[in-house]
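# Per-entry structural report
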Amino acid sequence: MTSLNFDGHFSRRGFGLTSSMTLGSLAVSGFTPWSTAPASESNGSPATLRVPPRAKRVIFLFMHGGPSHVDTFDYKPLLARDDGKPLPFALPPNLNASPTLLNGPWNFSQRGQSGLWVSDLLPHMAERADSLCVIRSMHTKGQSHGQAVGMVNTGSDNLVRPSVGAWVSYALGSGHPDLPAHVAIGPATAHGGPRNYGAAFLPAMHQATAIGSNGNFGKGIIPYLDGIGESASIQERFDLVRVFNERHLIRAGLDNEIQGAIDAVDLASRMRSAAPEVFDVERETQATRTAYGIHEKATRSFGESCLLARRLAESGVRFITISSGQVWDQHGNLIEGHGKNALATDRPIAALMDDLKQRGMWDDTLIVWGGEFGRTPVVQGKNGRDHNPQGFTMVLAGGAVKGGFAYGETDDYGYYALRDRVHMHDLHATMLHILGIDHERLTYPYAGRDFRLTDVHGRVVQEVLS
Amino acid sequence: MFFSTAAARILRVLCVATVGLASSAVAKEPADSVEFFENRIRPVLVEHCFKCHSVDAAEIGGSLLLDSSDGMFIGGDSGPAITPGDAEASILVSAIRYESSEMPPEGKLPDEVVDDFARWIAAGAVDPRKSTEPTVRGPNAIDLDEGRKFWAFRPLRLSEAPTDPLVASRGIIDQFIGQALVDADISPNSQSDALKRLRRLAFDLTGLPPSVELQNDWLADPSPSHWIQIVDGMLASPAFGEHWARHWMDIARYADSNGSDFNATFHEAWRYRDYLVRSFAADRPFDEMIRQQIAGDLMTAESDAERHDNLVASTFLMLGTKMLSERDKPKLELDVVDEQIDTIGRAFMGLTLGCARCHDHKFDPVPTEDYYALAGIFKSTVSLEGESQEYVSTWQGTPLPTSNEHRDAIAKYEAEKESLDKAIKSAEADVKQASATNEAQHRGIIVDDSAAEKTGVWKDSNYIKQFIGTGYVHDDNSMKGEASIRFVAAIPDDGEYEVRIAYSPGASRSAAVPITIETADGEENVTIDERRVSIAPMWGSLGKFRFMKSSPAVVTISNVGTTGYVIADAVQFLSREETNSSENVATGDPTALAKAKARVESLRNDLKSLQSSAPEPVPVAMAPADRPSHEIADSVVHIRGDIRNLGKSVPRGFLRVCGGGQATIENPRGSGRLELADWLTDPDHPLVARVFVNRVWMHLMGEGIVRTVDNFGSRGELPSHPELLDALSVEFIRSGWHIKPLIRQIVCSTAYQRSSQYDAQKIAIDPENRLWWRMHRRRLTAESIRESMLSSAGILDHSPAFDLMAGQKVLVSGNDNNSTADQIDAIGVPRRSIYLPLVRGYLSPMMTALDAADPDLLVGHRPTTNVPGQALVLINSPIVAEWARITSQRVVTSSTDFEDQIKLAYQSCLHRLPNTDDREIADAFFAGDRSSPDRWHQWIAAMFASTEFRLLD
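Residues numbered from 1 in each chain as written. Chains lettered and ligands numbered in written order. Predicted model: local features only at pLDDT ≥ 70, side-chain atom pairs only at ≥ 80, totals over all residues.

Moving on, we come to the interface of chain A and chain B. Contacts between the two partners involve 74 residues from chain A, matched on the other side by 70 residues from chain B. Among the elements of the structure, helix H4 (145-154), helix H6 (231-252), helix H7 (256-279) and strand E16 (417-419) of chain A are those that each provide at least two residues to the side of chain A that touches chain B. In terms of residue count, H6(A) provides more of the side of chain A that touches chain B than any other element does, 13 residues in total. Taken together, the residues of the side of chain A that touches chain B break down into 38 nonpolar, 25 polar and eleven charged. (Contact = placed C-beta atoms within 7 Å. Helix = DSSP H or I, 4+ residues; strand = E, 2+ residues; numbered from the N terminus. Nonpolar A, V, L, I, M, F, W, Y, C, P; charged D, E, K, R; others polar.)

Another aspect to go through is the sheet that holds strand E10 (residues 484-489) of chain B. All names here are of chain B. Read from one edge of the open sheet, five strands run E7-E10-E15-E12-E13, paired in antiparallel fashion. Across the chains shown, the open sheet's two edge strands, defined by having one partner strand only, are strand E7 (453-455) and strand E13 (522-528). Neighbour-to-neighbour, the strand axes of this sheet turn through a mean angle of 20°, independent of strand direction. Sheet analysis places E10 next to strand E15 (residues 553-558), joined by six bridges and oriented antiparallel. Across the sheet, the residue bridging to Phe487 is Val555, located in E15. (Pairing = 2+ DSSP bridges. Axes fitted to C-alpha atoms, helices over the stretch in contact; angles between N-to-C directions.)

All names here are of chain B. The terminal C-alpha atoms of helix H11 (residues 238-251) lie 21 Å apart, and with 14 residues this matches the ideal 20 Å at 1.5 Å per residue to within 8%. Within H11, twelve of the 14 residues are buried, which leaves the element mostly enclosed by the surrounding structure. Those residues of H11 not exposed but buried are Phe240, Gly241, Glu242, His243, Trp244, Ala245, Arg246, His247, Trp248, Met249, Asp250 and Ile251. Lining the buried residues of H11 we find helix H8 (194-206), helix H10 (224-236), helix H12 (269-281), helix H15 (329-349), helix H21 (688-701) and helix H25 (782-792). Count one or two residues on from H11 and you reach Arg253, which has phi positive near 40°. (Expected span 1.5 Å × (residues − 1). Buried ≥ 20, exposed ≤ 12 C-beta atoms within 10 Å, placed from the backbone.)

So, about unusual backbone geometry. Residue and element names in this part refer to chain B. The linkage connecting Met103 with the following residue, Pro104, adopts the cis geometry, with an omega of -10°. Backbone geometry at Tyr391 places phi at a positive 75°, although glycine is not the residue there. Within the secondary structure, Tyr391 is located in the loop between strand E3 (384-389) and strand E4 (392-395). A residue is classified by how many C-beta atoms lie within 10 Å of it, and Tyr391, with 18 of them, is partly exposed. Located in the positive-phi region is Asn769, a residue other than glycine, with phi close to 55°. Turning to its location among the elements, Asn769 is positioned in the loop between helix H24 (760-765) and strand E22 (778-779). Exposure remark for Asn769: the 19 C-beta atoms within 10 Å place this residue in the partly exposed category.

This part takes up helix H27 (residues 868-876) of chain B. Three or four residues apart is the spacing at which side chains of an α-helix point the same way, because the helix has 3.6 residues per turn. Buried residues dominate H27(B), accounting for nine of its nine residues. Considered for burial, the residues of H27(B) that qualify are Pro868(B), Gly869(B), Gln870(B), Ala871(B), Leu872(B), Val873(B), Leu874(B), Ile875(B) and Asn876(B). Residues of H27(B) that are buried sit in contact with H6 and H7 of chain A together with helix H26 (845-849), helix H28 (878-894) and helix H31 (933-944) of chain B.

Residue and element names in this part refer to chain B. On average, residues of chain B carry a pLDDT of 87, and 92% of them reach 70 or more. The low-confidence segment residues 1-27 (pLDDT under 50) makes 40 contacts with residues lying over four places distant or belonging to another chain. Contacts from residues 132-139, a stretch scored under 50 in pLDDT, to residues over four places away or in other chains number 13 contacts. Complex prediction metrics read pTM 0.74 and ipTM 0.74. (pLDDT = per-residue confidence, 0-100.)

All names here are of chain A. Direction of pairing for strand E18 (residues 443-446) relative to strand E19 (residues 449-452): antiparallel, over a ladder of four bridges. Paired with Thr443 across the two strands is Arg452, which belongs to E19. Between E18 and E19, which pair antiparallel one after the other, the connecting turn spans two residues, and Ala447 there sits at a positive phi close to 45°.

Following this line, the structure appears as structure tokens:
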């Protein structure tokens, strides 16, 4: 039955399969590992696109460690006035900071048309203040990193739950047939590590494909995309695997598992063609690379990460997290540490904003900037700040949200979120809403019940939507 | 709850400032009047509360209704909302004060409004609303009797097995399965071919492929009796224990580190792993294993070995991932208890008990009280004890029994160490004594550089360790002529004093530092050579001068005209008597000091050598313990799972739905874990044997009789063959909870040996193969895929490995960006996978891609995914390529005959003989190049990545 034709390589199809026995005729119900179709009623997720989507993708700029909101976006004149005086109200429990107010060295001023207050710590983001939507009344669970990092990335401070990106991947699928929906660039190994971009009990394909680690862009490639040896030889191996698998399928009769594996090998092979181009930030013009700060040591890694994020976004990836690495945790050395972190991230972020606008992607991209919590307005040690989940700032940007807008307030010193409080669950609900997903309906059955990203909480913060 | 009460009070003050005054401050109506209610209470209720607390609410919050007077009295999950006459005792008041909870959640009400409510309740809570207005719905009570009717909670039943429904029926498995097939009018597939069956058996029982020799033996005699012989051989092999231990490790969420926020090393977890290997290999009864895992630390033992296993087994309770840095320790404790209850519920009973932490189980008959009956048991158990650093909890450990010789050696070592420690201490005291010279040198009047007036630039330093005060200053060898430092001292008595200056000597110092001394006899100028000292260790004498009480003594050191560094540390003025005594010390004691120091040195060396030959410390198990008896207590219900929201106390006990008998522990012996273990292993427990037998069945037959192996509740699936499950469970219990006979029975059945061949007609009737008309095609475990490659390469090392994490510190990976934990990946070490370290957060990418169990979760049924990452790791990872290379070499060198080489390749990689088709592919692939190592490497690598390699047909 076989008519073999190898010209050094296997031809991919037609080998050993007569026309009456093509795989097409054997094909079983389609199984595409990265479905481009959204989750449907039938697989346990009662349709998700019940609200009109305002954006197609999220780029989460995760400032791991917790940047200080009172030194960036939450201007507190009384903090400047009362520098060195005791905090006039009680501290939350389990805190090391002494209740003495500390004013940071960065001046605040009103920016742009909107007059949004931003400090000098982030001069490039400040210049684009009219495009920023600042939520100054965030609060979350977890006085320590582990819990708060879990909250911002998975909505749970103690239990193993799918990450936000995994939920989005599950709900929307990928916008590119050959690329994953969910990518994490430079994810930290600390504070839960892979759990923060993992799938938990969702199907494994929704876990992020990790690029680099700990805030480092690294080689910026998908693991094992390239094998050792010549590309032609790798392709031949892919082809030979396919031959073996097709034979196996023929012998077995119909089989979903074998068919699925054949599809996966195919997709891997297509990824090998598609990904290198998308992942190659070298293809950008010198001007673009310079705008992202890739030519300078301080900004290179985060610049490359932001540029890759834009390329991925352009190609259809749904959820991209860029992690700064666990660097914003200034219990001491606030000035030096925050200065260094701002230097590394501020300019690449501004370049990303400009780039998205220039390419017409601004309107359907949601940028989220922030840490797992903020920092105390009171001093720790000589010149540091402790963790502050009681009140902090996160920044949204993109067409879906109001620009030059601030929502919510903390108290006079920036300690507790007071007015229009936004819990981390609310932020997640809002992110999903912007992507057209009803956070109360996006569920997955596990261990006897239906789970949600927002558990039993979450309010869409309509007020920030444009 | 984010706020302490104190903080909340402060916030209240702040709220007033932002919210402003919502109502006039002075009430005109008396608080016990209907008007007061109508004007001040009802509008607030309507505006702020009814959205969630009225019969019209979409979902009633906390089961509490506030739209009738009855609703308020009866209350919700937290009890009555108001206590008329006592505002302070009313939950409604503490809730709107943001104390017991934070109501309304959108923002706190103005203080005036809160006060109105307090006053209204204090005055008797006059409420004109008819008590019967809406029907008050209490929390839905679970009907346990109704619940017990569900199949899983009914007692095990022994039904008569149908006799001979099919020709090949032998034993109850084939009788029950055969009857169901006959009923459905499906004729099952025939027996699979011999080598496929052998491969299936080998992987199922040992996790390893059948050797080429075994394949050949079997092919020579594929008889049922030979089958049984092979089965028994495999059951008796060490590999069986390893493979089946790994199955249970999936349930036990086994790992060698904590993962989560602080990735602390589990130095002792491997002992539990080895306990499992030993137990499965020795066919330890499973009820005993349950008792040991739940309460091993409390069980009495007849031997050290038994005590050892008991303790090590209880590590089961400790292995969950924990948020160790949670600063709210009571919350952490409840989280740990929750994880333990959830694990026990799913592992042993197939019940998802975690749901009942916050409310009655929505689907299964598990009331919240039952959850807290169990919680009392685990709250009375210590899992976490102490901290490895501030706020970071660590776990409880218990010393393990050890041999007398070992104990003696430790005792001897400790005695020797103690005496050496003592000797060192005393020698150190001698050194101190001798060093008192320093003290002596510090006599007289000393003025430190920190108290001196400096002109010009002086830099602080403490680089050289001997100095007065906190350091010394130097002129940085620059700005010569511009720096001076002025030491001023008040002299107690008129007279002659020796003046010394302190500095750290060295070659870089100035050889002539000019110094001016203002004496009773006028200014004196001297120079001093700071390259060396005249009085060890740090003094240079300037000479003796006369000073008067009436005017201060001043010494000024300057850097005018100097070359080299000028150092200034302190100036000392010594009276005649002081000079004498200090000189004695300075000249007399260096030898004494040196001697004392030498003795310390030598003793320390002795200690070092003693320590280097120290006996191993007493081994420790990562085992729980009961709390001291005065801390053992029942738990209260935590309303909605909230650590601070307390309900009534529940006596420790079990799930009432399992059996109608006593579910409360009468007189607990300690925490109650012993009683829990007894209850779980009671032969009449409806779930435990069923759940376990179903797991064994799933590992061998591809799916469970209940497919949701971890969920036997109403949200789980119903059993496809309930009578068979019960029959096997009853037999399992009767024959003493032994696992090997159960496995033997299953793999000797006809059903097990059926072909997995597709059949369009049968698929049409039973597409999911629920009736087992064929064998399920199954994925090999990640471990087996890896070990199969190592076996093909002929390099699998079968010897076990032990203490994998011995070299690791408290944290296996730090919480910074420079973790080295990824270097622990031992995937290339050619041992069985069970002996490789499992570090949470750093699982091998290859094993993860092949669906190894995620140790963060209890995994009863591993998912089987088909993602590109899997294809990439199998085709492109360097380690797989390397194993393929070794295999290809082995094949090439085995023979010079191409046919033989191909045969060996198939037998060692796919465990079957090549067929004509395979040969044709090979002929074409190797055309003209049959001895090329690269071609062979390519061929084997493709085989490793093929579906046939990782599937069990």
